[in-house]
Amino acid sequence: LKCVAFICIERQEGAVARKEPIATAFFVGFPFNETIDLSYLVTARHVIEDAGRDMFFIRLNQDGGGIHYLPTRKSDWWLHDTADIAAILYSPSSDVPAIDYRRVPSTGFVDASYRFMQPPFNESGGLAVSLGHELYFPSLFVQHFGEDENLPIVRFGQIARMPSSVKLQRDRNHTIFEQPAYLAECRSWGGHSGSPVFWMYPMTQSQRVTRSDGVRGQVVLHGDHIAFLGLVSAHYDIPTLAETTEELPGRVSTRLNAGISAITPSHFILELFV
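Please read these numbers as outputs of a predicted model, since none were measured by experiment.

Chemist: Can you help me understand the overall build of the protein in this one?
Modeler: Each helix and strand counted, the protein has two helices and 16 strands in total. Within the protein, buried positions represent 43% of all 274 residues. Long-range contacts, defined here as pairs at least 24 residues apart, represent 65% of the contacts in the protein between residues at least 6 apart. On the protein, roughly 14900 Å² of surface is accessible, and the fraction owed to carbon and sulfur atoms is 51%.

Shown next, in the form of structure tokens:
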């Protein structure tokens, strides 16, 4: 939960400027060299392009309570050329208060072959992402985001299709581009864009045990290994026609959330860092 922050834009309501959360970002830790470890904020590229603003604010939880708004400009963000990824180096000035956050380590990423290849799993060919595996993502809930602190929700689902080319939109739906993406059975809507998606690999381990009376046996342990899968880029709607009346003639089209989300694979994020 502490790896996510909320992206806000400023709206003018009369004489008052109000910062409105619109999407999710998250922290990533990336080793620059043997002694320097960099921090980045990552979100979906279409969030930066579609908001129609030059100025964005990152809504962060302060260490000890309260909220800090970190200003950024659109030009500060690096945009991936072909994938729905945007990132900015997190290097706040000395006047920024201490922030309560955690980073997703780049060593915890699923790689471009859709396997987790970090030790000790690399010795046996890695852990392979497969259909039906469970996932979850912490995210902004725009209706209740927290008054005095960021309060993300967590959504859960399963992988419905392994990455293949899908069509996504950006530039306020003026541009359609194609990229590989997972399809996942989990509901997503406004505010979830840019959320970090974590993958749970089911594991079973047998362990020898000896009781206090000297009797030996085996215990089977069940659990999940967690790795970083990617970020939420889009969801799909089913267009439907609503009933009309004499007072409301003509065709009225509505949209029903299909319950399928598109997830940009994690290795595209690393392409921005190297």
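Chemist: Would you mind showing me how to read the environment of Ser195 here?
Modeler: Within the fold, Ser195 resides in the loop between strand S13 (175-185) and strand S14 (196-210). Residue classification places Ser195 among the buried positions, given a relative accessible area of 0%. Distance from Ser195 to Ser139, taken between C-alpha atoms, is 5.5 Å for residues 56 residues apart in sequence. Excluding residues that lie within four positions of it along the chain, Ser195 makes contacts with Thr24, Phe26, Phe137, Pro138, Ser139, Gly230, Leu231 and Val232. In this structure the side chain of Ser195 is engaged in a polar contact, spanning 3.4 Å, whose partner is the side chain of Thr24. In this structure the side chain of Ser195 is engaged in a polar contact, spanning 2.6 Å, whose partner is the backbone oxygen of His192.

Chemist: What is the right way to look at the pairing of strand S1 (residues 4-13) in this model?
Modeler: The side chains of a regular strand alternate, residue by residue, between the two faces of the sheet. Note: S1 against strand S2 (residues 16-31), ten bridges, orientation antiparallel. Residue Phe6 lies in a different strand from S2, and its bridge partner there is Thr24. Taken together, S1 and the strand that follows it, S2, pair antiparallel across an intervening segment of two residues, in which Gly14 is found at a positive phi of about 65°. Looking at chain direction, S1 and strand S4 (residues 55-61) are connected through three bridges and run antiparallel. When the sheet's bridge partners are listed, Ile7 is paired in S4 with Ile58.

Chemist: Just to check I follow, could you spell out the layout of surface pockets for this structure?
Modeler: Unoccupied space between atoms shows up once a probe the size of one water molecule is rolled over them. Estimated volume of the second largest pocket: approximately 290 Å³. Cys3, Arg103, Val104, Pro105 and Phe198 are, among the 14 residues lining the second largest pocket, the residues nearest its centre. For the lining of the second largest pocket, the secondary-structure elements that each account for two or more residues are strand S8 (104-105), strand S11 (134-139) and strand S15 (216-242). With three residues, S15 is the largest single contributor of residues to the lining of the second largest pocket. Residue classes in the lining of the second largest pocket are distributed as ten nonpolar, one polar and three charged.

Chemist: What should I look at first to understand a nonpolar patch on the surface in this one?
Modeler: On the surface, a cluster of nonpolar side chains totalling about 310 Å² of accessible area is made up of Leu1, Val154 and Phe156. With a relative accessible area of 60%, Leu1 lands in the exposed category.

Chemist: I'm lost on the packing of aromatic side chains in this one. Help?
Modeler: Think of a pair of aromatic rings as described by two things: how far the centres are apart, and how the planes are tilted against each other in angle. Scanning all chains against the criterion turns up 14 aromatic pairs. Centroid distance Tyr114 to Tyr182: 5.6 Å. Interplanar angle 75°. Geometry classified as edge-to-face. Of this pair, Tyr114 sits in the loop between S8 and strand S9 (115-116) while Tyr182 sits in strand S13, and the two are 68 residues apart along the sequence. We note that Tyr114, like Tyr182, is buried.

Chemist: Mind showing me how you'd approach the side chain of Ser233 here?
Modeler: Checked against the element boundaries, Ser233 lands in strand S15. Overall, Ser233 belongs to the buried group, its relative accessible area being 5%. A distance of 2.9 Å separates a polar atom in the side chain of Ser233 from a polar atom in the side chain of Asp84. Within polar-contact distance, the side chain of Ser233 engages the side chain of Thr264 at 2.5 Å. With sequence-adjacent residues up to four places away left out, Ser233 is seen in contact with His46, Asp84, Leu168, Ser193, Ala262 and Thr264.

Chemist: Which parts of the structure should I look at to understand the pattern of salt bridges?
Modeler: In a structure, side chains of opposite charge can pair up when their charged atoms sit close to one another. Applying the stated criterion across every chain yields a total of six salt bridges. In this structure, Arg103 engages Asp37 in a salt bridge whose closest nitrogen and oxygen atoms are separated by 2.6 Å. A residue pair is termed long-range when its members are at least 10 positions apart, and Arg103 in the loop between strand S7 (86-89) and S8 and Asp37 in strand S3 (residues 37-43) qualify at 66 residues. Its relative accessible area of 31% is what places Arg103 among the partly exposed residues.

Chemist: So what exactly am I meant to see when it comes to the nonpolar core here?
Modeler: A general tendency of soluble globular proteins is for nonpolar side chains to be buried together. Formed by 42 residues in total, the largest nonpolar core has its most connected members in Phe26, Val42, Ile269 and Phe273. Here this core gets six residues from one element, more than from any other, and that element is S2. Not counting chain neighbours up to four residues away, the residues in contact with Ile269 comprise Phe26, Val42, Ile85, Phe109, Phe228 and Leu231. The next biggest cluster of nonpolar side chains, apart from the first, holds 18 residues, and it includes Tyr114, Phe121, Val129 and Ala184.

What counts, and at which threshold
- Residues numbered from 1 in each chain as written.
- Predicted model: local features only at pLDDT ≥ 70, side-chain atom pairs only at ≥ 80, totals over all residues.
- Heavy atoms only, no water.
- Helix = DSSP H or I, 4+ residues; strand = E, 2+ residues; numbered from the N terminus.
- Buried < 20%, exposed > 50% of the residue type's maximum accessible area, 1.4 Å probe, protein only.
- Contact = heavy atoms within 4.5 Å.
- Areas by Shrake-Rupley, 256 points an atom, 1.4 Å probe, with all protein chains shown as cover.
- Polar contact = N/O pair within 3.5 Å; in protein donor to acceptor, adjacent residues only side chain to side chain.
- Pairing = 2+ DSSP bridges.
- 1 Å grid on protein atoms, 1.4 Å probe; cavity = no way out; pocket = protein on both sides within 12 Å on 5 of 7 lines; lining within 4 Å.
- Points joined across faces, edges and corners; volume = space filled by probe spheres on them.
- Nonpolar A, V, L, I, M, F, W, Y, C, P; charged D, E, K, R; others polar.
- Patch = residues over 30% accessible without salt bridge, like charges linked within 9 Å, V, L, I, M, F, W, Y side chains within 5 Å.
- Salt bridge = Lys/Arg side-chain N within 4 Å of Asp/Glu carboxyl O.
- Phe/Tyr/Trp six-rings, centres within 6.5 Å; stacked < 30°, edge-to-face > 60°.
- Core = buried A, V, L, I, M, F, W, Y, C linked by side-chain atoms within 4.5 Å.

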